[in-house]
Amino acid sequence: MALGTADQPTTVDFGPAAALSCRECGTRYDLGPSFACIECFGPLEIAYEFGPVSREQIAAGPTNIWRYRSLLPVPADVLSTPNMAPGWTRLVRADRLARELGLRSLHVKDDSGNPTHSFKDRVVAIAVQAARNFGFHTLSCSSTGNLAGAVTAAAARAGLDACVFIPADLEEAKIVMASVYGGRLVGIQGTYDEVNRFCSELIGDPMGDKWGFVNVNLRPYYAEGSKTLAYEIAEQLGWRLPDQIVIPVASGSQLTKIDKGFGELIKLGLVEDKPYKIFGAQAAGCSPVSTAYRADRDVIQPVKPDTIAKSLAIGNPADGPYVLDIARRTGGAVEDVTDAEIVDAIRLLASTEGIFAETAGGVTVGVLRKLVAEGRLAPDAETVVLNTGDGLKTLDAVSAQARPSAIIRPSLDAFRDAVSG
Ligand SMILES: *Cc1c(COP(=O)(O)O)cnc(C)c1O
Ligand SMILES: [Zn+2]
């Protein structure tokens, strides 16, 4: 085990997880707080030995991600530990938005309904279990905003310390949410990629080498939390995979693991084996993956982000190459939209379906709209689009346009003048 842990835990229980395995060369390692292959520096991911799993057994579980605990790297006693119990968010049938866009069947998977109002509660919940197993007392992360709030909240509930790092110029709501749960919040003068590089240094220093960084040394565990989005979408569609799905891309971890989750459901016989297309969505102001996709390149050129979609503003995405592979293999694509298109899409989703998305949801709905308009998404196929965060977190994106239509004295005459004027 390369990295030191705070205490030697008495028992280490990772449920069905069997080993860490290098995504590039397949070398296997014992389950530990490590994230890179010693042979080739490739990223490590969890390899499983699943027992028998049935739809009935899953359906009998709680209405949160732990209904899938037999498919996750978590201890058998996970239900009895204090945690945020995220997941089982709503899958909304979006007929009015579908009609607006020209689609036959569309669902919005609305992950704003998680405890800290973004999809990050899913990944943090798995990382907390790994931190317990490894005896870490302090949780940390580099964050584009949502992760910091999810980590500090989860640490508060689990009785752990937290010290989280964000770019100092984030949205007000994300700063407040990352601070209110306690722990230490540190703003770094720089981009997310600089924050992330700083955390990699901190992990090698005595100040941070006993900490569980959920998206660095606990990343293989953390990343598995995104599989639960795939499981939920399939179960909520009646144990069926969608034909096509639009997923936001920051580091690319979520998209990669949704594909892994769909693949597991097929292998375990929980859904019928059928093709599905995965589409990645980025903001034009931070589009290293869609740019590589469009140019038909395998190498991702890092960029300096400049977009209102700050939660997706990762200029050097670790899982970018895998996103390209998956989009190409499944017959999907990676596309981007401008900040103006993001704002339009937020308002379109809100005014057709009553769902207020953060800018990341504007990115996915905007890309969906663009792909349908360009004939690159099949209009008759069953489609799912993700909203991964709550619009209340990014009010500034729409606050200039979302105003009262009039401000009047409390009198009928004043109202009559206002509506007729
Ligand atoms: C973190 C995040 C994502 C996805 O991030 P990946 O790094 O690609 O896994 C998507 N939406 C929101 C709102 C996020 O905070
Ligand atoms: Zn390797």
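Residue positions are given per chain, counted from 1 along the sequence in the order it is written. Lettering of chains starts at A and numbering of ligands starts at 1, both following the order in which they are written. Where totals are concerned, whole chains, interfaces and linings use all residues; where local detail is concerned, this predicted model gives features only for residues with pLDDT of at least 70, and gives and counts side-chain atom pairs only at 80 or more. Each side-chain value is derived from all of the structure's non-hydrogen atoms; neither hydrogens nor water enter the calculation.

Caption draft 1: Molecular detail of the domain arrangement of the protein chain. Residue ranges for the domains trace back to a domain assignment, done automatically or taken from a database. Segmenting the protein chain into domains produces domain 1 (20-50) and domain 2 (91-117 + 226-397). If you look at the interface, domain 1 gives seven residues, while domain 2 gives seven residues. Salt-bridge detection follows one rule: a side-chain nitrogen of Lys or Arg within 4 Å of a carboxyl oxygen of Asp or Glu. Across the domain 1-domain 2 interface, the total number found is two salt bridges. When the shortest N-O distance is used, the salt bridge between Glu-45 and Lys-257 registers 2.8 Å. By the criterion applied in these results, polar contacts are pairs of N or O atoms within 3.5 Å in which, for protein atoms, one can donate a hydrogen and the other can accept it, and in which residues neighboring in sequence qualify only through two side-chain atoms. The interface formed by domain 1 and domain 2 contains five residue pairs in polar contact (both at pLDDT 80 or more). For the side of domain 1 that touches domain 2, the residue count by class is four nonpolar, no polar and three charged. By definition in these notes, contact holds between two residues if any of their heavy atoms fall within 4.5 Å. We call Asp, Glu, Lys and Arg charged. Ala, Val, Leu, Ile, Met, Phe, Trp, Tyr, Cys and Pro are nonpolar, and the rest, Gly among them, are polar.

Caption draft 2: View of the side chain of Thr-256. Runs of H or I in DSSP of at least four residues are treated as helices and runs of E of at least two as strands, each being numbered from the N terminus. Among the secondary structure elements, Thr-256 is positioned in helix H9 (residues 253-267). Type-normalised accessible area, obtained with a 1.4 Å probe on protein chains alone, sets the label of each residue: buried when under 20%, exposed when over 50%, and partly exposed for intermediate values. Judged by relative accessible area, which is 3%, Thr-256 ranks as buried. Leave out the neighbours within four places in its chain, and Thr-256 touches Arg-23, Asp-319, Tyr-322, Val-323 and Ile-326.

Caption draft 3: Inspection of the pattern of salt bridges at higher detail. Counted according to the given criterion, the structure contains 29 salt bridges. With a shortest N-O distance of 3.3 Å, Lys-370 and Glu-335 are connected by a salt bridge. Remark: Glu-335 occurs in strand S12 (residues 333-337) and Lys-370 occurs in helix H13 (residues 359-373); sequence separation between them is 35 residues. Taking relative accessible area as the criterion, Lys-370 reaches 21% and is therefore assigned partly exposed. The network of salt bridges with shared partners includes Arg-23, Glu-45, Glu-224, Lys-227, Lys-257, Lys-260 and Glu-264.

Caption draft 4: Highlighting the nonpolar core. Among buried residues, the Ala, Val, Leu, Ile, Met, Phe, Trp, Tyr and Cys ones that are joined through side-chain atoms within 4.5 Å form a nonpolar core. Formed by 80 residues in total, the largest nonpolar core has its most connected members in Tyr-221 and Ile-245. In terms of residues, this core owes the most to one element, helix H3 (residues 120-134), which gives nine residues. Both domains that meet at this core, namely domain 1 (20-50) and domain 2 (91-117 + 226-397), each give it at least three residues. Apart from residues lying up to four places away in sequence, Tyr-221 is in contact with Phe-14, Leu-20, Leu-31, Gly-32, Ile-46, Pro-73, Ile-126, Ala-130 and Phe-134. Grouped together as the second largest cluster of nonpolar side chains are 38 residues, Ala-250, Ala-357, Leu-371 and Val-385 included.

Caption draft 5: Structural detail: the sheet that holds strand S2 (residues 28-29). Here we have three strands laid out as an open sheet, ordered S2-S1-S3, and antiparallel in their pairing. Since the sheet does not close on itself, it has two edges, and those belong to S2 and strand S3 (44-48), each with one partner. For two strands to count as paired, DSSP must find a minimum of two bridges between them. Direction of pairing for strand S1 (residues 17-22) relative to S3: antiparallel, over a ladder of five bridges. By the bridge assignment for S3, Ala-19 is matched with Ala-47.

Caption draft 6: Seen up close, the packing of aromatic side chains. Two aromatic rings, drawn from Phe, Tyr or Trp (for Trp, its six-membered ring), form a pair once their centres lie within 6.5 Å of each other, and the interplanar angle then sorts them: stacked below 30 degrees, edge-to-face above 60, tilted otherwise. As enumerated under the stated definition, the model contains nine aromatic pairs in all. Taken together through their ring pairs, the aromatic side chains of Phe-14, Phe-134, Phe-136 and Tyr-221 make up a single cluster. Think of it as a cone above the ring: NZ of Lys or CZ of Arg counts as a charge over the ring if it is within 6 Å of the ring centre and within 35 degrees of the ring normal. In this structure, Arg-67 is placed above the aromatic ring of Tyr-68, and the distance from its NZ or CZ to the ring centre is 5.9 Å. Seen from the ring of Trp-88, Arg-67 lies directly overhead, with NZ or CZ sitting 4.0 Å from the centre.

Caption draft 7: How the structure looks around the site of ligand 1. As a matter of local geometry, ligand 1 sits amid 15 residues, with Lys-120, Asn-146, Ser-251, Gly-252 and Thr-388 nearest to it. Between ligand 1 and the protein, one listed contact pairs an oxygen atom with a backbone N or O atom of Gln-254 at 2.9 Å. Partitioning the shell around ligand 1 into residue classes produces six nonpolar, seven polar and two charged. By convention in these notes, a residue is near a molecule or strand provided one of its non-hydrogen atoms lies within 4 Å of it.

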